[in-house]
Amino acid sequence: MNKVEKALMHGLFVHLHHNIDKAIDFGAFKKLNEKVDKTWPGALLVGPDANDDAAVVEIPGEGTLVVGKMESHNSPCVPRPYDAAATGAGGAMRDVVAMGGRPLFALDFIGTRPLEQEVLVGPCGFKGECTCGNCETMTSQDRLNIMLKGIRDMCNTMDVFVAGGGFSTSFSDIVPACVVAVVGKLVTDKPLTKPAKIAGNKIIVVGETGTDGNDTLYRAGLVSEMRPAIALFKEERVTMDASIAAFKTGKINACSDLGAAGIGAAVCESARYGGFGAKVDLTNVPVRDKDITPEEILICETQARMQFQVNPEDVDEVLEAIRSQNAKATVVGEITNDDKVVFEYQGKEIASIPNNPSEEILDELRKY
């Protein structure tokens, strides 16, 4: 394993963000949902055991499909409370879109220290003492206002109601809580799901990748500074509108947003969950920063991006629909019958990620 393979595989197979079932008993929820299904037969279409981007529920007797997702962006609120709150809201909205939905309303929860207490906001926030000269000391109330503005501004951009939420000042830790739940209405005939469906399908990436949101690379020691994802308001709206335009073609076979660990995680999870592999040329990925590295293209968590999988003969129609909303999109690879995902850049292999790592590899990753 090279360093970038180790970083991505740790995120995919060990880190709890991608392996929630190791901390939460989904089996207990499944039993509960099977019991509730007797009251509302067939209403839960996509639940937690599906491990997809969001949940989908059919309103009994109405034929309306509702999509819901909850997202937390707690740690990034220490250095960048405004961007962290905004991207938490935007990420939850994008997950709703990834299932074929249009976000309708949001609920938020903020947990923080007592309002009069001081907090340190900036790169040194986790240490509690500024040594960089770029941090700001403010009250918990001031930070709360900044976080709420981030959520409010994203909802304003996306035309999403803030319908309610919760608030607590009983937190004593450095890291505040910032949780956003988003509910929307499905605009496709049935839920779009993450798993790859057909070998030979082309992979389309919508939106530009930047050097922000490098958390996975930072944890791997591949970059010296952690740069949380920057909130992209206009771009987030363009990506949502472009996605809905693509949905209207009826040609999307699989879909997911590009969140934690970026393109790497999105493609690997889609291929693995579908029982396929993939080959991706990172050279073709639309990028925002001129000096971006292939590792950053692979793993960075830049916002406002989606990936679609379509039949080869439908690529031009889907790209035309996406670009009709002034979004940038290109074909970056295809689904294969392999048992691994290979990422290349300018003809050189950057990473090869197996669908089922050996126990020896997993043991090494657990020490990481």
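To be clear, the structure that these remarks concern was listed above.
Residues numbered from 1 in each chain as written. Predicted model: local features only at pLDDT ≥ 70, side-chain atom pairs only at ≥ 80, totals over all residues. Heavy atoms only, no water.

Enquirer: Please set out the overall build of the protein chain residue by residue, giving values where relevant.
Expert: From N to C terminus, the protein chain includes ten helices and 15 strands. Whereas a compact globule of 368 residues would reach a radius of gyration of roughly 21 Å, the protein chain reaches 20 Å, a difference of no more than 12%. Seen through its principal axes, the protein chain has C-alpha atoms that stretch 60 × 55 × 45 Å. If you take every contact in the protein chain between residues at least 6 apart in sequence, the share linking residues at least 24 apart comes to 79%. Considering the protein chain, the positive charge centre built from 38 side chains and the negative charge centre built from 52 side chains are found 0 Å apart. (Helix = DSSP H or I, 4+ residues; strand = E, 2+ residues; numbered from the N terminus. Rg over C-alpha atoms; globule rule 2.2 N^0.38 Å. Contact = heavy atoms within 4.5 Å. Lys, Arg positive; Asp, Glu negative; His and termini not counted. Charge placed at Lys NZ, Arg CZ, Asp CG, Glu CD.)

Enquirer: Summarise the pattern of salt bridges; cite the residues concerned and give the values.
Expert: Taken as a whole and assessed by the stated rule, the structure comprises 18 salt bridges. With its nearest N and O atoms 2.9 Å apart, the salt bridge here joins aspartate 212 to arginine 288. In this pair, aspartate 212 is assigned in the loop between strand 9 (202–206) and helix 5 (215–219) and arginine 288 in the loop between strand 11 (277–281) and helix 8 (294–299), connecting sequence segments 76 residues apart. What makes arginine 288 partly exposed here is its relative accessible area of 31%. Taking the shortest distance from any N to any O, the salt bridge between arginine 366 and glutamate 359 comes out at 4.0 Å. Through salt bridges with shared partners, one network takes in Asp53, Lys194 and Glu269. (Salt bridge = Lys/Arg side-chain N within 4 Å of Asp/Glu carboxyl O. Buried < 20%, exposed > 50% of the residue type's maximum accessible area, 1.4 Å probe, protein only.)

Enquirer: Account for a nonpolar patch on the surface, with residues named and values stated.
Expert: A grouping of Ile20, Ile24, Phe29, Leu32, Val36 and Trp40 is seen on the molecular surface, where their side chains present a nonpolar patch of about 520 Å² in accessible area. Looking at where valine 36 falls in the secondary structure, it is placed in helix 2 (residues 26–36). According to the relative accessible area criterion, valine 36 is partly exposed, its value standing at 33%. (Patch = residues over 30% accessible without salt bridge, like charges linked within 9 Å, V, L, I, M, F, W, Y side chains within 5 Å. Areas by Shrake-Rupley, 256 points an atom, 1.4 Å probe, with all protein chains shown as cover.)

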